[in-house]
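# Geometric and topological summary
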Amino acid sequence: MADAPTASARRRANIRQAVDFGALVAFMVAYAVNRFVRDLDGDDALVQATWVLVGASLIALVVGWIAEKRLAPLPLLTGGFALLFGTLTLLFNDPVLLKLKLTIQNGLLAVVLLGSLPLRRYPFKYLLGEAIRITDEGWRGLTLRYGLYFAAVAIVNEIVWRTQSDDAWVAFRGGLWVASAAFGIWQVFFIMKHLIKDDEPAEPVSPDTGL
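Attention in this report is confined to the structure presented alongside it.

About the criteria used
- Residues numbered from 1 in each chain as written.
- Predicted model: local features only at pLDDT ≥ 70, side-chain atom pairs only at ≥ 80, totals over all residues.
- Heavy atoms only, no water.
- Helix = DSSP H or I, 4+ residues; strand = E, 2+ residues; numbered from the N terminus.
- Buried < 20%, exposed > 50% of the residue type's maximum accessible area, 1.4 Å probe, protein only.
- Contact = heavy atoms within 4.5 Å.
- Areas by Shrake-Rupley, 256 points an atom, 1.4 Å probe, with all protein chains shown as cover.
- Polar contact = N/O pair within 3.5 Å; in protein donor to acceptor, adjacent residues only side chain to side chain.
- Salt bridge = Lys/Arg side-chain N within 4 Å of Asp/Glu carboxyl O.

### What about the overall build of the chain?
Within the chain, the regular secondary structure consists of seven helices and zero strands. The helix and strand sequence of the chain, counted from the amino end, reads α-α-α-α-α-α-α. Residue burial in the chain is summarised as follows: out of 211 residues, 45% are buried. Counting only contacts in the chain whose residues sit at least 6 apart along the sequence, the fraction spanning at least 24 positions is 69%. On the chain, roughly 11,000 Å² of surface is accessible, and the fraction owed to carbon and sulfur atoms is 66%.

### Describing the environment of alanine 82
Mapping alanine 82 onto the fold places it in helix α3 (residues 73-92). Spatially, the C-alpha atom of alanine 82 lies 6.8 Å from that of valine 54, the residues being 28 residues apart in sequence.

### Here's the deal with the side chain of threonine 89
With respect to the helices and strands, threonine 89 occurs in helix α3. Of note is the side chain of threonine 89, whose polar atom sits 3.2 Å from the backbone nitrogen of leucine 98. Sequence-distant contacts of threonine 89, that is, excluding residues within four places in its chain, are made with Val47, Thr50, Asp94, Pro95, Leu97 and Leu98.

### Digging into the pattern of salt bridges
Applying the stated criterion across every chain yields a total of three salt bridges. Where arginine 35 meets aspartate 167, a salt bridge forms, and the shortest distance between an N and an O atom there is 3.0 Å. Of this pair, arginine 35 sits in helix α1 (residues 4-37) while aspartate 167 sits in helix α7 (residues 166-193), placing them 132 residues apart in sequence. With a relative accessible area of 27%, aspartate 167 lands in the partly exposed category.

Below you can see the structure in the form of C-alpha cells.
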C-alpha cells in the first residue's frame, strides 16, 4: 500500500495528465468544428483552433501550479512552447508556426538529451523532478531512449506537415499522444530494472504533454 506522499504525488500526476489530454482533445474538437461544421479551409481551421490551444495551455499551467505548488520543469517547458508558438500563430495568422512547434520543441529536447550523454550529465533527471529514483546507469539509458524518441518525433512531424494535408496533420497529432503514452508505459519495465533499492515503481512518464 502506497504511503500518503506517494499516493498524493500519483494523484497530482493523474490530474496533470487529465488536463493535458483534455487540452489536446479540446484543440482537436475545435479544429473539427471549424473545419467540418463551419466549413473553413485547413489553415483557417487551425488558426481558430489555436485560440483553444493557447487557452488550454494557460489552464494546464495554472492547474499544474495548484496541484503541485510549483511549475514542474517538463510541463512548464512544453506548455511554454505551446503558448509561444500558439501566440505567434495567432499574431501572424500562419498555422505553419504551430506545426513547427512540434519540430523545434522535440528537436531541441533531443539535442539536449543526446548531447548530455558524453558528458555524463543527465538533464532529464532534472526535467522529471523527483518522480523517479533510479541508478545513474538507468538515467543514462532513459536519457538515450527519450532523446531518440524526441528526435524521431521531430523528423516524422516534418515529413507529415510538409507532405500531408492539415486534416492528416491534426490526426497525426492525436495519434502522437497515444504513441507517447504507450512509450511511457513501455519505459516502466526499464525503470523497474534500475530502481534504487526499496523504492517503488514509478508512474509511466509520457513524453507528450498533449499541448
